[in-house]
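# A closer look at the structure
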Amino acid sequence: MLEYIIVTVFGLLIGNFATTIFYRLPRNITICGINQNCDQPPFCSYCRHLLKPHEYLPLLSWFSTFGKCNYCNSNIPTQYFILEISAVILSNSCFYLFNGITDLYILIFGFGVSCLLNILIYREHKAIPQIITISMLFWGAIYRTLTEQTIILWLSTISIAFIISLFLLNSKFNDTFRSKCIINILMLTSVWCSQEDLTLYMLIITMLCILWSFWKQLDLYSLSILTLFCITISDAILFLNQT
Ligand SMILES: [Zn+2]
């Protein structure tokens, strides 16, 4: 029971930190955590009034503000709530699925929160922050090395993805935002998706593309990231059962 309380609190803290990244990263504002002495301490995103600790700490902030800013009465963005709750659910699910706070718990939980951040920033700002992609690639390399016990496989797939990305950047495609999205998905897939799962992933993406050709409102980018995450979870469970 105590362990579930610990992972819930951990999930809340990471979810709360993710809200800071979600707001600050696309706007190039310094991310300084709970340090009140930094040049940009926590503030309301509408009236920019500085926040007291009980107004920005996870969960506590929702009880002390009731979803509204105490100074300008603006609604706190729903994405903040989604990030905090999702991080708690994810933290508890990973704890249950991967038998405690293990390597797989840390890697899959970190990947899940990053995927969510990636999707929310993409949907809100139509941007893909490179720093999140790089950190996801880094986590992915550790994950594949752990599950495959070799660096050769992910090194070869990331190399192929890199060459295709260079080709895309040098083609006529290079000035479109869509090419950045494709490169992002390509690089993440090359590191996170094992070769056994690649066929399944490609099949799902092809089906999504066909669906998208009929229904253009379909968020192909977010669904691709979500599919990658689901496939990775099943891969991690399979790995756990084999060991
Ligand atoms: Zn305010």
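Remember, it's a predicted structure, so these values are computed and weren't measured experimentally.

A few words now on the nonpolar core. Counting residues in each nonpolar core, the largest one holds 41 residues, and the members touching the most others are C94, Y105, I108, V113, L117 and L188. When residues of this core are traced back to their parent elements, those giving at least two are α1 (2-24), α4 (78-97), α5 (103-125), α6 (130-148), α7 (152-170), α8 (177-192) and α10 (220-242). Beyond its immediate chain neighbours, meaning those up to four positions away, I108 contacts C94, F98, T232, I233 and A236.

Okay, the domain arrangement of the protein chain next. Here the domain parsing of the protein chain yields domain 1 (1-97) and domain 2 (127-243). Put simply, the middle of domain 1 and the middle of domain 2, counted by C-alpha atoms, are 28 Å apart.

The topology assignment puts T147 in helix α6. In the structure, T147 is positioned 19 residues away from I128 in sequence and 28 Å away in space, judged by C-alpha atoms.

In this model, the protein chain carries an average pLDDT of 87, and 93% of its residues clear a pLDDT of 70 or more. Averaged pLDDT values over the elements of the protein chain bottom out at 71 in helix α3 (residues 60-65) and peak at 94 in α5.

Time to look at α10. With 23 residues, α10 should reach 33 Å at 1.5 Å per residue; the first-to-last C-alpha distance of 33 Å fits that figure. Looking only at α10, the buried set comprises Y221, S224, I225, L228, F229, T232, D235 and A236. Looking at the buried positions of α10, the neighbouring elements they touch are α5, α8 and α9 (195-214).

Now for the UniProt feature "transmembrane region" (unreviewed entry) in the protein chain. The positions UniProt marks with the feature "transmembrane region" (unreviewed entry) are residues 6-25, 104-121, 128-145, 151-170, 198-215 and 221-240. Taken end to end, residues 104-121 comprises 100% helix and 0% strand; its first and last C-alpha atoms sit 25 Å apart. Helix makes up 95% of residues 151-170 and strand 0%, with an end-to-end C-alpha separation of 28 Å.

When two helices pack together, their arrangement is given by the angle between the helix axes and the distance between those axes. Where α7 meets α8, the closest approach of the two axes is 8 Å, and the angle between their N-to-C directions is 170°. When the interaxial angle is binned, α7 and α8 end up roughly antiparallel. Contacts between α7 and α8 involve W154, T157, I158, I160, A161, I164, S165 and L168 on the former and, on the latter, S179, I182, I183, L186, M187, S190 and V191.

With that settled, the discussion passes to the packing of α1 against α4. Contact geometry for α1 and α4: axes closest at 7 Å, N-to-C directions at 145°. In terms of crossing hand, the pair formed by α1 and α4 is right-handed. Counted together, Y4, V7, T8, F10, G11, L12, I14, G15, N16, A18, T19 and F22 of α1 and Q79, Y80, L83, E84, S86, A87, V88, L90, S91, N92 and F95 of α4 form the full contact between these two elements. A per-class count over the contact of α1 with α4 returns 13 nonpolar, nine polar and one charged.

Procedures and definitions
- Residues numbered from 1 in each chain as written.
- Predicted model: local features only at pLDDT ≥ 70, side-chain atom pairs only at ≥ 80, totals over all residues.
- Core = buried A, V, L, I, M, F, W, Y, C linked by C-beta atoms within 7 Å.
- Buried ≥ 20, exposed ≤ 12 C-beta atoms within 10 Å, placed from the backbone.
- Helix = DSSP H or I, 4+ residues; strand = E, 2+ residues; numbered from the N terminus.
- Contact = placed C-beta atoms within 7 Å.
- Domains from an automatic or database assignment.
- pLDDT = per-residue confidence, 0-100.
- Expected span 1.5 Å × (residues − 1).
- UniProt positions renumbered as here; feature names shortened; annotations may be inferred.
- Axes fitted to C-alpha atoms, helices over the stretch in contact; angles between N-to-C directions.
- Parallel < 35°, antiparallel > 145°, perpendicular 65-115°, else oblique.
- Left-handed = near helix turned anticlockwise from the far one by under 90°.
- Nonpolar A, V, L, I, M, F, W, Y, C, P; charged D, E, K, R; others polar.

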